Amino acid sequence: MAGPASTIVTELEAQTDLAKALIARAQARGAFLIWRAQATRAARLLVRSGRVEEAVVAQGSGHGVHAVLDDGRSAFGSRDDFGPEPSAALLDATIDAASSGGALGVAGGSFAPDAPSTARDLPAGIAAFDALDLDAASARLVALERELTSDLPGVTTTLAFQAVLEVWRILRSDGADVLFAVPRCVLRASLSSSGDARHTVGASLADPSPRMFDDPAAVATFLARARAAGSLAAALPDAPTHPAGSFPLVIDYALAKGLAHEAFGHASEADGFRSSVLARDGRFRSGDTVGPAHVSVIDEPVQGDFAWQPYSATGSPRRRATIVDHGRLRDALTDAWSARGAGTALTGADRAESFRSAPLPRMSNIRIELDDPLPAPGAFEDYSAERVRDLLGDAGIFSRHRRVAFLSGYGGGQVNPPTGDFVFNCKAIYALGPDEVVLHKPAIFSGSMFGALGAVREGFGPLKLDAIGSCGKWGQSVPSSGGSHYFLVLDPDPGVRLGGR
């Protein structure tokens, strides 16, 4: 049940009359209006070498007017205030811009919103963002940094904490009116080895509550991840380079999230179907086989997640999209402008970085899911490289492959959606055999997205969906997250390589 709301919720609730006046003005000029307002409160702390280097709180708000004409042409304008007269002038100028699009060669589009929704979605505890005590949070962060420094001699540690509350209000000409709040907080550690061969390894933990410092389980998980990252940073300078080639691989859930997000996620965004490898003649290749029957790729908002968003930037409920359903393409990531042309259902996938940004279809929490995964007892943080080796040995993997390359952590990457070719970085490579665990420096993981998905053989452990990041599509940065089972095993595939190229 929702508790007391934040003051920025009240700020947007108070704009109802302005939004309705703008909608009436747009209707008088023959335009359909999507009014989109956002208010944000963000706190950021940075601690390095026992000192608080940054402790700030910022707050802002504004609104955008997205006018759509009968021929599908649209234009978008924004202001960082809610003044009635300037807002009316902005709307008039925006409608004029949409009307003049034909003279500029802008083609009409297909705009087909779903039935209007009226809803409020305000998670409990968001009032805590107003009450965040920066001094107390800074002291806690300094204490955590001191604890890590004592555990990791010779490793430079930087800690950051960010607490962001976003509130959105969206009204449309057809009566849609949704208001929702998105809380997200994250603790990050950056740990660097010293010397000439410096390696930096990061660790993070996200939580919807700014009081995550007070949760012993959350702090223990963060410290476990940070200690593992620090130990890895210290060991990497002396690690050898792994040979290049195609190998049997094990990837952890963070790298699996990168594969799902960069490869299948972006290629399934319907605004890119004129060139996507997952589309033909601009339409999604629904029903085509792209992977084995025990593998699915799913995107959906997850309550409390770093990338959670219950409604789209157009005010539609954000729906679960099974992009790959047991090896076959099924759902694309669509919005009201792209679903009809793509020949698929509307999934309400549009998101915007801020009230100043036009919405784009994009992911929220994406995962690779397997039927009947093998067990991996305990928490993911319990699994050292040695325990991963034992897990593979107990499952008989070494009877199929005498040596397996374990790729740990996601270090960024990209995919070419027209071809499906990807290049990713991991944080470390371990060569695993029945009696060996050898650390190697990280290397690129590259190949074909179809080859990689087709090579997935086994999964170990429950779903783990808290691998977080930031999606920078078209220059708009929005939070992303996802994952998979703890570990996925990939058989060798000539289209998937480690190192080289």
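*Asks:* Which residues make up the overall build of the protein, and what values go with them?
*Replies:* In terms of helices and strands, the protein carries ten helices and 23 strands. Taking 23 Å as the expected radius of gyration for a compact globule of 501 residues, we find that the protein reaches 24 Å, a close match to that expectation. Once the C-alpha set of the protein is aligned to its principal axes, its extents read approximately 75 × 55 × 40 Å. Across the 501 residues that make up the protein, the buried fraction comes to 56%. Expressed as a percentage of contacts within the protein between residues at least 6 apart in sequence, the contacts between residues at least 24 apart total 74%. Total accessible area computed for the protein in this model is approximately 19500 Å², and 50% of it derives from carbon and sulfur atoms. In the protein, the 48 positive side-chain charges and the 57 negative ones have mean positions that sit 3 Å from each other.

*Asks:* Go over the pattern of salt bridges, please, and point to the residues and values.
*Replies:* Counted by the stated rule, this structure contains 34 salt bridges. Between Arg319 and Asp114 there is a salt bridge, with its nearest N and O atoms 3.1 Å apart. In this pair, Arg319 is assigned in the loop between strand S11 (295-300) and strand S12 (321-325) and Asp114 in the loop between helix H3 (84-99) and strand S4 (118-121), connecting sequence segments 205 residues apart. Given a relative accessible area of 33%, Arg319 falls into the partly exposed group. If you follow the salt bridges from partner to partner, you end up with Arg25, Arg29, Asp92 and Asp96 in one network.

*Asks:* Run through the environment of Arg402, naming residues and quoting values.
*Replies:* With respect to the secondary-structure elements, Arg402 resides in the loop between helix H9 (397-400) and strand S17 (404-416). Since its relative accessible area comes to 62%, Arg402 is described here as exposed. In this structure, the C-alpha to C-alpha distance between Arg402 and Leu432, residues 30 residues apart in sequence, is 8.5 Å. If we ignore the near neighbours within four places in the chain, the residues touching Arg402 are Leu432, Gly433 and Pro434.

*Asks:* Account for helix H5 (residues 216-235), with residues named and values stated.
*Replies:* Here H5 contains 20 residues, and its C-alpha end-to-end distance of 28 Å stays within 8% of the 28 Å for a straight helix at 1.5 Å per residue. The opening residue of H5 is Asp215, an N-cap whose side-chain oxygen sits 3.0 Å from the backbone nitrogen of Ala217.

*Asks:* Before we move on, could you go through the environment of Gly291 and cite the residues and values that matter?
*Replies:* Structurally, the position occupied by Gly291 is in the loop between strand S10 (283-284) and S11. Taking C-alpha positions, Gly291 is 7.6 Å from His326, a pair spaced 35 residues apart along the chain. Contact partners of Gly291, with chain neighbours within four places excluded, come to Gly327 and Leu453.

*Asks:* Now, about the side chain of Ser138: what can you tell me, with residues and values included?
*Replies:* The topology assignment puts Ser138 in helix H4 (residues 134-151). Separated by 2.7 Å, the side chain of Ser138 and the backbone oxygen of Leu134 make a polar contact. Once residues within four sequence positions are removed from consideration, Ser138 is found in contact with Leu45, Val52 and Ala55.

*Asks:* Could you give an account of unusual backbone geometry, naming the residues involved and the relevant values?
*Replies:* Of note in the backbone geometry, Asp372 takes a positive phi value of approximately 50° without being a glycine. With respect to the secondary-structure elements, Asp372 resides in the loop between strand S16 (365-370) and helix H8 (385-394). You can call Asp372 exposed: its relative accessible area is 72%. The residue Trp474 is not glycine, and still its phi comes out positive at about 50°. Mapped onto the elements of the fold, Trp474 is located in the loop between strand S21 (456-471) and strand S22 (478-490). Owing to a relative accessible area of 72%, Trp474 belongs among the exposed residues under this scheme.

*Asks:* Run through the environment of Ala376, naming residues and quoting values.
*Replies:* Within the fold, Ala376 resides in the loop between S16 and H8. Under the relative-accessibility criterion, Ala376 is labelled buried at 7%.

*Asks:* Got a sec to walk through helix H6 (residues 253-267)? Specific residues and values, please.
*Replies:* If you check H6, its first and last C-alpha atoms are 20 Å apart, about what 15 residues at 1.5 Å a residue would give, namely 21 Å. His261 marks the point of greatest bend in H6, at about 30°. Of all 15 residues in H6, 15 are buried; the element is thus mostly enclosed.

*Asks:* Requested: an account of the packing of helix H2 (residues 16-28) against H3, with residues and values cited.
*Replies:* Where H2 meets H3, the closest approach of the two axes is 10 Å, and the angle between their N-to-C directions is 35°. Along this stretch, H2 crosses H3, giving a crossing that reads as right-handed. Across from Leu18, Leu22, Arg25 and Ala26 in H2, the residues of H3 making contact are Pro84, Ser87, Ala88, Leu91, Asp92 and Ile95. Counted by class, the contact of H2 with H3 contains seven nonpolar, one polar and two charged residues.

*Asks:* Break down the side chain of Arg184 for me, citing the residues and quoting the values.
*Replies:* Structurally, the position occupied by Arg184 is in strand S6 (residues 177-193). Here the side chain of Arg184 touches Glu166 through a polar contact of 2.5 Å, side chain to side chain.

*Asks:* Pulling in residues and values, what's your account of the nonpolar core?
*Replies:* Core analysis: the biggest nonpolar cluster contains 86 residues, and Trp35, Phe161, Leu392 and Phe487 have the highest contact counts within it. Those residues in contact with Phe161 that lie beyond four places of it in its chain are Ala43, Arg44, Leu45, Leu132, Leu141, Cys185, Val186, Leu187, Pro210, Met212 and Phe213. Counting 48 residues, the second largest nonpolar core, distinct from the first, contains Val297, Ala405, Cys426 and Ile429.

*Asks:* An account of the packing of aromatic side chains is needed here, citing residue identities and associated values.
*Replies:* Two descriptors summarise a pair of aromatic rings, namely the distance from one centre to the other and the angle between the planes of the rings. The tally for this structure, following the rule as stated, stands at 18 aromatic pairs. On the basis of an interplanar angle of 35° and a centroid distance of 5.5 Å, the ring pair of Phe380 and Phe487 is categorised as tilted. Taken together, the residues Phe380 in the loop between S16 and H8 and Phe487 in strand S22 connect sequence positions 107 residues apart. Note on accessibility: Phe380 and Phe487 belong to one class, buried. Measuring from centroid to centroid gives 6.0 Å for Tyr383 and Tyr486, while their planes differ by 65°, and the two rings are edge-to-face. Taken together, the positions of Tyr383 in the loop between S16 and H8 and Tyr486 in strand S22 put the pair 103 residues apart, joining distant regions of the chain.

*Asks:* Explain the pairing of S21 to me, and be specific about the residues and the numbers.
*Replies:* Here eleven bridges tie S21 to S22, and the two strands are oriented antiparallel to one another. Bridging across to S22, Gly469 finds its partner in Ser480. Taking the residues between adjacent antiparallel strands as the criterion, S21 and S22 are bridged by six residues, where Trp474 takes a positive phi near 50°.

Conventions and cut-offs
- Residues numbered from 1 in each chain as written.
- Predicted model: local features only at pLDDT ≥ 70, side-chain atom pairs only at ≥ 80, totals over all residues.
- Heavy atoms only, no water.
- Helix = DSSP H or I, 4+ residues; strand = E, 2+ residues; numbered from the N terminus.
- Rg over C-alpha atoms; globule rule 2.2 N^0.38 Å.
- Buried < 20%, exposed > 50% of the residue type's maximum accessible area, 1.4 Å probe, protein only.
- Contact = heavy atoms within 4.5 Å.
- Areas by Shrake-Rupley, 256 points an atom, 1.4 Å probe, with all protein chains shown as cover.
- Lys, Arg positive; Asp, Glu negative; His and termini not counted.
- Charge placed at Lys NZ, Arg CZ, Asp CG, Glu CD.
- Salt bridge = Lys/Arg side-chain N within 4 Å of Asp/Glu carboxyl O.
- Expected span 1.5 Å × (residues − 1).
- Polar contact = N/O pair within 3.5 Å; in protein donor to acceptor, adjacent residues only side chain to side chain.
- Bend = angle between axes of the 7 residues up to and from the residue.
- Axes fitted to C-alpha atoms, helices over the stretch in contact; angles between N-to-C directions.
- Left-handed = near helix turned anticlockwise from the far one by under 90°.
- Nonpolar A, V, L, I, M, F, W, Y, C, P; charged D, E, K, R; others polar.
- Core = buried A, V, L, I, M, F, W, Y, C linked by side-chain atoms within 4.5 Å.
- Phe/Tyr/Trp six-rings, centres within 6.5 Å; stacked < 30°, edge-to-face > 60°.
- Pairing = 2+ DSSP bridges.

By themselves, these figures tell us nothing about what the structure is for.
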